[in-house]
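Inside the fold
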Amino acid sequence: MDAPNKEFALAGSLEELKAKGRLVVHGGRRPILVIYDRGRVFALDNRCPHMGFPLERGSVEDGILTCHWHHARFDLESGCTFDLWADDVPICPVEVRNGNVWVKTAFGHADPAAHWHQRLANGLAHDIGLVIAKAVHGQLAADVPLTDIVRQVALFGAQNRDGWGVGLTILTALGNLLPVLPEEEAYLALFHGARRVAADCDGEAPRRERAPLGSRPDAVALKRWLQRWASVRHREAAERTLLTAIAAGFSPAVLADALLAAGTERAFADTGHSLDFINKAFECLDLIGWEHAAALLPTVVGQMVAARGAEESTAWRQPVDLVALCEEAASQLPELFAAGRGARGWSDHAALTRELLSDDPAKIVDGLKAAIREGAAPADLGRSLAYGGALRVARFGNANEHADWETAHHVFTYANAVHQMLKRIGTANADGHLMAVRGVLHGAMALYLTRYLNVPPARLPGEGGEQLDDLPTGAEMIRAALLDAFDRQRQVDLAARLVARHLTLGYSPQALIATLARAVLREDAGFHAYQMLEAGVRQFTAWGGTEEGRHILIAVARYLAAHSPTERAALQTADIARRLMRGAELHQQAGAS
């Protein structure tokens, strides 16, 4: 071979190329298209980067190559696309020697990680699902760490929308689950999180930067100010106060204490979403790094100060004034915690949950007071409350309207947020975060108001001597049957029984959680499904392989089954991107079908 090295291959004679206009050379991994146009020779990947159609079937005019399938257009010289929904075509060096055309068979992006980082930025900016999916897959193939991808998407969301949204919540929830997901599910999780952030930001005004105060007040004053601005709905003042606390270098625990106190100035604000968003912002920073706190944390302030509190609802005022009940109990918290300070080893979480599920709001409050006197820490109260919220979902009666699933869901995810925030604050400064424990009181009253959802209660699998022997026995068979149940409507009870079967036989909870994640990630899932899955996994982790832990995963399965299946359009996009990135010939399969 008359070539300077083995990297070049003979495409043919220049005369042949002139006569035919184009030739295809088999490169190292993919075919290469060689084109003669207006006295010049060009070589580029023969696969259209959009969906893999052979570019040899396209047309060339005025230095522009147009794909015949979806009409994506490319600059012949650089390979750059004129259409943002496509991608740039990799080009190949070409030489004409002694009347013959030689092309370098190895091509690709000089820095794949940088290329796909930029492509993800483009996909997010223009809300193009296929570009997002390919860019996520490309970064993963380039061994970009998962958290780096989460960070890129999170910062885009924080900068390109004026306030925290459902997309960032979904991204964070799925980011929290990444350590327990297999490779394929991790790809889907990142894709879903990114596409939902892009959709949130599409057409929105970017966030306006605000600056901290020039002074550095102490943490107590800043917390007091933040509560004041939240109560009078002064967003700019609240954001500058929070930025000042961040600039002062206060710890995540101190910031959580301040925001939880401000966030509970209104009871069960925005049906719990306001506090859940605050918690998710903290968890997002745990994922991407606290050096981004000033960019991310203030995004929750807008909703926090604008949120409508449950105290404005008639149900919270009549026939029992639940708000007054909470306020009275909150005023007693310092004395209650002082009385319980000497106690050690409180662990009656399940017993407290039973008290919280009472039909008498005064008795519920008394149960919380008694637990505090006996030594329960704030996080203990949150854990018991979250289990109560899970039981509302697990025992959700099928006679209720379908929309009522969301009512039960809101209480559970709110309670999980309270629990996570109280854990973050810890017990080092118990006197300082007593006001934040109001969140438990509010959650307990929200739990009380949803008692009708369990009338009559759905039976928990295995309860009352029910046998599950009619279900499969092997772990993989059970999980396959669970996915099959999610393929059909109204399989709530079957899904619950299969989860119970898997756990009671002692099979891996991690494998079951991965299956539940797969069930969500293949759907065009709603916002609440992602919340439910992640909160359920969080709470299961707190309880472990206990009866209570089993009840929590049963609750997750019942909720997911009630909202499955969907059209799965996003899964199709993700699958197309994955197959393209692996070299599949989509046009041939499409033609065969």
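Residues numbered from 1 in each chain as written. Predicted model: local features only at pLDDT ≥ 70, side-chain atom pairs only at ≥ 80, totals over all residues. Heavy atoms only, no water.

**A short note on the packing of helix 17 (residues 378-394) against helix 19 (residues 438-449)**
The test is simple: Note on geometry: axes are lines fitted to C-alpha atoms, helical ones only across the stretch in contact, with angles between N-to-C directions running from 0 to 180 degrees. Going along the chain from the N terminus, every DSSP run of H or I of four or more residues is numbered as a helix, and every run of E of two or more is numbered as a strand. To sort the angles, those under 35 degrees are grouped as roughly parallel, those over 145 as roughly antiparallel, those from 65 to 115 as roughly perpendicular, and the leftovers as oblique. Crossing handedness is read from the near helix: turned anticlockwise from the far helix by less than a right angle, it gives a left-handed crossing, and turned clockwise, a right-handed one. Residue contacts are counted whenever heavy atoms from the two residues lie within 4.5 Å of one another. The classification used treats Ala, Val, Leu, Ile, Met, Phe, Trp, Tyr, Cys and Pro as nonpolar, Asp, Glu, Lys and Arg as charged, and all other residues, Gly among them, as polar.
Helix 19 packs onto helix 17 with a crossing angle of 20° between their chain directions and a minimal axis gap of 10 Å. Taken together, the axes of helix 17 and helix 19 lie roughly parallel to each other. The two elements helix 17 and helix 19 cross, and the hand of that crossing is left-handed. Note on element contacts: helix 19 touches helix 17 through Val-440, Gly-443, Ala-444, Leu-447 and Tyr-448, opposite Leu-381, Gly-382, Leu-385, Gly-388, Gly-389 and Arg-392. Residues that form the contact of helix 17 with helix 19 fall into these classes: six nonpolar, four polar and one charged.

**Focus: the nonpolar core**
Note the cut-off: The term nonpolar core refers to a set of buried residues drawn from Ala, Val, Leu, Ile, Met, Phe, Trp, Tyr and Cys, joined through side-chain atoms within 4.5 Å. The rule is simple: take the accessible area with a 1.4 Å probe, protein chains only, and divide by the maximum for that residue type; under 20% is buried, over 50% is exposed, in between is partly exposed.
Of all hydrophobic cores here, the largest spans 163 residues; its most connected members are Leu-297, Trp-316, Leu-381, Met-445 and Leu-516. Grouped together as the second largest cluster of nonpolar side chains are 14 residues, Ile-35, Phe-42, Phe-53 and Leu-65 included.

**What about the packing of helix 17 against helix 24 (residues 547-562)?**
Helix packing for two helices is described by the angle between their axes and how far apart those axes are. Contact geometry for helix 17 and helix 24: axes closest at 8 Å, N-to-C directions at 50°. Comparing the axis directions of helix 17 and helix 24 gives the class oblique. As for the relative orientation of helix 17 and helix 24, their crossing is left-handed in sense. Across from Tyr-387, Ala-390, Leu-391, Val-393 and Ala-394 in helix 17, the residues of helix 24 making contact are Glu-548, His-551, Ile-552, Ile-554, Ala-555, Arg-558 and Tyr-559.

**Describing the sheet that holds strand 3 (residues 31-37)**
Where we set the bar: For two strands to be treated as a pair, DSSP must find no fewer than two bridges joining them.
Spatial strand order, 2-3-4: three strands in an open sheet with antiparallel pairing. Among the strands making up the open sheet, the edge pair consists of strand 2 (22-26) and strand 4 (40-45). The sheet shows a mean angle of 25° between the axes of neighbouring strands, direction not considered. Of the strand pairs in this sheet, strand 2 and strand 3 are connected by five bridges, and their pairing is antiparallel. Residue Val-25 lies in a different strand from strand 3, and its bridge partner there is Ile-32.

**Some words on the sheet that holds strand 6 (residues 64-66)**
Pairing is antiparallel in the open sheet, where three strands are placed in the order 5-6-7. Bordering the open sheet on either side are strand 5 (59-61) and strand 7 (73-75), each of which pairs with just one other strand. Across the sheet, the mean angle separating the axes of adjacent strands is 25° when strand polarity is ignored. Pairing of strand 5 with strand 6 involves three bridges; the strand directions are antiparallel. Counted as the bridge partner of Val-60 is Leu-65 from strand 6.

**Digging into empty space enclosed by the protein**
Let me state the cut-off plainly: Lining residues are defined by having an atom within 4 Å of a point belonging to a cavity or pocket. Those points lie on a 1 Å grid over the protein atoms alone, cavities being sets where a 1.4 Å probe fits but cannot get out and pockets being open sets with protein on both sides within 12 Å along at least five of seven lines. Grid points are joined across faces, edges and corners, and a volume is the space filled by probe spheres set on the points.
Counted under the stated rule, the structure contains three cavities of 30 Å³ or more. Quantified by volume, the largest cavity comes out at close to 50 Å³. Along the walls of the largest cavity sit Ala-329, Leu-333, Leu-336, Val-365, Leu-368, Lys-369, Ile-372, Leu-381, Val-437, Val-440 and Leu-441, which together make up its complete lining. Going through the elements one at a time, helix 14 (333-340), helix 16 (361-373) and helix 19 are the ones with two or more residues in the lining of the largest cavity. Classifying every residue of the lining of the largest cavity gives ten nonpolar, no polar and one charged.

**A few points about the layout of surface pockets**
When its volume is computed, the largest pocket comes out at roughly 650 Å³. In this structure, the largest pocket is lined by 27 residues; those nearest its centre are Arg-29, Arg-30, His-109, Trp-116 and Met-581. Only helix 2 (112-126), helix 3 (129-141) and helix 25 (569-581) provide two or more residues apiece to the lining of the largest pocket. It is helix 3 that contributes the most residues to the lining of the largest pocket, four residues altogether. Counted by class, the lining of the largest pocket contains eleven nonpolar, eight polar and eight charged residues.

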